[in-house]
Amino acid sequence: MTAALQRVDSSPAEAPPTPPSLAVALLRQLRPRQWTKNLALYAPLLFARKVLDPGSVVQATVAVLAFCFLASGVYVVNDWLDREQDRIHPEKRGRPIASGRIRGPLAAGLVVGCWALAFGLAAWVGPAFLGLATGYVALQIAYSLVLKHQVILDVLVIALGFVLRVIGGGVAIDVPVSNWLYLCTLLLAVFLGFAKRRQELGSLAADAVGHRASLSQYTLPMLDQMITVVAASCVLAYALYTVSPDTVQHVGSDGLKYTVPFVLYGIFRYLFLVHKKGLGGSPEKILLSDAPMIINLVLYLGIAGWALYR
């Protein structure tokens, strides 16, 4: 028995996990998974029926890439400012800056590189798009420094970022963004923002205030009520858009009304994941990993494409 214990004691201890290489840490810091948010720039391309126009597709794609690098630069700035708060978050503590893998000079160089590339792409798209991209960065810096600490306003600013993406998609291909698309984008983004706050408040519990000061002003019942109001408004706005006379005239039929069930399912599925699975903190994670949501999105795009391009 003693000999066996000696053999166990003399066995080598399990080695700690190897930290990711610097290249992997840099890629993680850019948060490429969150680039899916920038697909919102394709919305005007789809609903303006320009998907089959190669020139418009190129313009929209370059605009998407520009916003990807704009957003990545913002993520670096935000993570640097929030590094101490992120260290108490169960998921964010593993981010390269919070974990100490990426330090100040390297983070600054990453921001400069991202924004130099982004503004170069934005200038290629056009002066109007370059101005909008500059406004987006200014809004995000204001959010990181001040606005994210203001209750309710923090979520509205996040939503405005999505609205700027959609407007940018319209500017890139030189088509106006309809009032309906503006309203639907705003309401959906507010819905996602409040769902994110609910997940943070529910998962962090007593540590919530230390992670984000504005969470001290929220309660779960309050957020549930806000989410309910915005979810209903979002579905109603989209449903009215699909059957409005202007839309029917633009599309040539009322076929878009057949996409409403998929919007309903998407909203309800998201609420299910928020309440039953504790998700909602990362919409892009749900979009890339939840099979029913992925299937629903594919079906939605298929029906929308049929209605718009048949």
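Residues numbered from 1 in each chain as written. Predicted model: local features only at pLDDT ≥ 70, side-chain atom pairs only at ≥ 80, totals over all residues. Heavy atoms only, no water.

**A closer look at the overall build of the protein**
Part 1 of the reasoning: Looking only at helices and strands, one finds 15 helices and zero strands in the protein.
Part 2 of the reasoning: The long-range fraction of contacts in the protein, counting pairs at least 24 apart against all pairs at least 6 apart in sequence, stands at 70%.
Part 3 of the reasoning: Carbon and sulfur atoms make up 68% of the accessible area of the protein, which amounts to about 15400 Å² in all. (Helix = DSSP H or I, 4+ residues; strand = E, 2+ residues; numbered from the N terminus. Contact = heavy atoms within 4.5 Å. Areas by Shrake-Rupley, 256 points an atom, 1.4 Å probe, with all protein chains shown as cover.)

**Thoughts on the packing of helix H4 (residues 54-81) against helix H7 (residues 127-145)**
Part 1 of the reasoning: Contact pair H4 / H7: the axes reach a minimum separation of 10 Å and the direction vectors enclose 20°. When the axes of H4 and H7 are compared, the pair comes out roughly parallel. Between H4 and H7 lies a crossing whose hand is right-handed. In contact with Ala63, Ala66, Phe67, Leu70, Ala71, Val74, Asn78 and Leu81 of H4, H7 contributes Phe129, Leu132, Ala133, Tyr136, Val137, Gln140, Ser144 and Leu145.
Part 2 of the reasoning: Residue classes in the contact of H4 with H7 are distributed as 13 nonpolar, three polar and no charged. (Axes fitted to C-alpha atoms, helices over the stretch in contact; angles between N-to-C directions. Parallel < 35°, antiparallel > 145°, perpendicular 65-115°, else oblique. Left-handed = near helix turned anticlockwise from the far one by under 90°. Nonpolar A, V, L, I, M, F, W, Y, C, P; charged D, E, K, R; others polar.)

**Overview of the nonpolar core**
For soluble globular proteins, nonpolar side chains are generally found buried alongside one another.
Part 1 of the reasoning: Phe67, Leu70, Trp115, Phe129 and Tyr136 are the most contacted members of the largest nonpolar core, which has 36 residues in total.
Part 2 of the reasoning: With 12 residues, H4 is the single largest residue contributor to this core.
Part 3 of the reasoning: Apart from residues lying up to four places away in sequence, Phe129 is in contact with Leu41, Ala63, Ala66, Phe67, Ala122, Gly168, Val171 and Ala172.
Part 4 of the reasoning: Counting 24 residues, the second-largest nonpolar core is a separate cluster that includes Ala159, Leu201, Leu223 and Val235. (Core = buried A, V, L, I, M, F, W, Y, C linked by side-chain atoms within 4.5 Å. Buried < 20%, exposed > 50% of the residue type's maximum accessible area, 1.4 Å probe, protein only.)

**Looking at a nonpolar patch on the surface**
Part 1 of the reasoning: On the surface, Trp80, Leu81, Ile141, Leu145 and Val146 cluster together to form a nonpolar patch covering roughly 400 Å² of accessible area.
Part 2 of the reasoning: Residue assignment for the nonpolar patch shows that the elements contributing at least two residues are H4 and H7.
Part 3 of the reasoning: Position of Leu81 relative to the elements: it lies in helix H4. (Patch = residues over 30% accessible without salt bridge, like charges linked within 9 Å, V, L, I, M, F, W, Y side chains within 5 Å. Salt bridge = Lys/Arg side-chain N within 4 Å of Asp/Glu carboxyl O.)

**Here's the deal with the packing of aromatic side chains**
How two aromatic rings sit relative to each other is given by the distance of their centres and the angle of their planes.
Part 1 of the reasoning: For the structure on display, the rule yields nine aromatic pairs.
Part 2 of the reasoning: Taken together, a centroid distance of 4.9 Å and an interplanar angle of 55° make the contact between Phe67 and Tyr136 tilted. Of this pair, Phe67 sits in helix H4 while Tyr136 sits in helix H7; the two residues are 69 residues apart in sequence, bridging distant segments of the chain.
Part 3 of the reasoning: Overall, the relative accessible area of 0% leaves Phe67 in the buried class. (Phe/Tyr/Trp six-rings, centres within 6.5 Å; stacked < 30°, edge-to-face > 60°.)

**Quick word on H7**
Part 1 of the reasoning: With 19 residues, H7 should reach 27 Å at 1.5 Å per residue; the first-to-last C-alpha distance of 27 Å fits that figure.
Part 2 of the reasoning: Every buried residue of H7 is listed here: Phe129, Leu132, Ala133, Tyr136, Val137, Leu139, Gln140, Tyr143 and Ser144. Burial along H7 is one-sided: seen end-on, the buried residues are contained in an arc of 160°. Away from its buried face by more than 90 degrees, H7 exposes Pro127 and Ala128. (Expected span 1.5 Å × (residues − 1). Arc of directions from axis to C-beta.)

**What to know about unusual backbone geometry**
Part 1 of the reasoning: Even without a glycine there, the phi angle at Arg49 is positive, about 60°.
Part 2 of the reasoning: With respect to the secondary-structure elements, Arg49 resides in the loop between helix H3 (43-47) and H4.
Part 3 of the reasoning: Residue classification places Arg49 among the partly exposed positions, given a relative accessible area of 36%.

**A look at the environment of Gly104**
Part 1 of the reasoning: By the element assignment, Gly104 lies in helix H6 (residues 104-125).
Part 2 of the reasoning: Along the primary structure Gly104 and Trp80 are separated by 24 residues, whereas in three dimensions their C-alpha atoms are 7.9 Å apart.

**Some words on H6**
Part 1 of the reasoning: Its 22 residues give H6 an end-to-end C-alpha distance of 32 Å, which sits within 8% of 32 Å, the value for a rise of 1.5 Å per residue.
Part 2 of the reasoning: All of the buried residues in H6 are Ala107, Leu110, Val111, Cys114, Trp115, Ala118, Ala122 and Val125. Down the axis of H6, the sector holding all buried residues measures 115°, keeping them to one side. Facing away from the buried side of H6 by more than 90 degrees, the exposed set consists of Pro105, Val112, Ala116 and Trp124.

**Re the confidence of the model for the protein**
Part 1 of the reasoning: Scored by pLDDT, the protein has a mean of 85; 89% of the residues are at 70 or more.
Part 2 of the reasoning: For the protein, helix H1 (residues 2-10) is the element with the lowest average pLDDT, namely 47, and helix H11 (residues 220-243) is the one with the highest, namely 94.
Part 3 of the reasoning: Long-range and interchain partners of residues 1-16, a stretch whose pLDDT sits below 50, account for zero contacts in this model, where long-range means more than four residues apart. (pLDDT = per-residue confidence, 0-100.)

**Things to note about the packing of H4 against H6**
Part 1 of the reasoning: Relative orientation of the contacting elements H4 and H6 amounts to 160°, with a least axis distance of 8 Å. Considering their axes alone, H4 and H6 lie roughly antiparallel with respect to each other. For the element pair H4 and H6, the recorded crossing hand is left-handed.

**Remarks on the pattern of salt bridges**
Part 1 of the reasoning: Under the defined criterion, the tally for this structure stands at seven salt bridges.
Part 2 of the reasoning: When the shortest N-O distance is used, the salt bridge between Arg31 and Asp79 registers 2.4 Å. Remark: Asp79 occurs in helix H4 and Arg31 occurs in the loop between helix H2 (22-29) and H3; sequence separation between them is 48 residues. Across this residue pair, the class does not change: Arg31 and Asp79 are buried.
Part 3 of the reasoning: Put simply, Glu200 and Lys196 hold a salt bridge, and the shortest N to O gap is 3.9 Å. Of this pair, Glu200 and Lys196 both sit in helix H9 (residues 179-204), four residues apart, which is roughly one turn of the helix.
Part 4 of the reasoning: Taking the relative accessible area as the measure of exposure, Glu200 reaches 2% and is therefore buried.
Part 5 of the reasoning: If you follow the salt bridges from partner to partner, you end up with Asp154, Lys196, Arg197 and Glu200 in one network.

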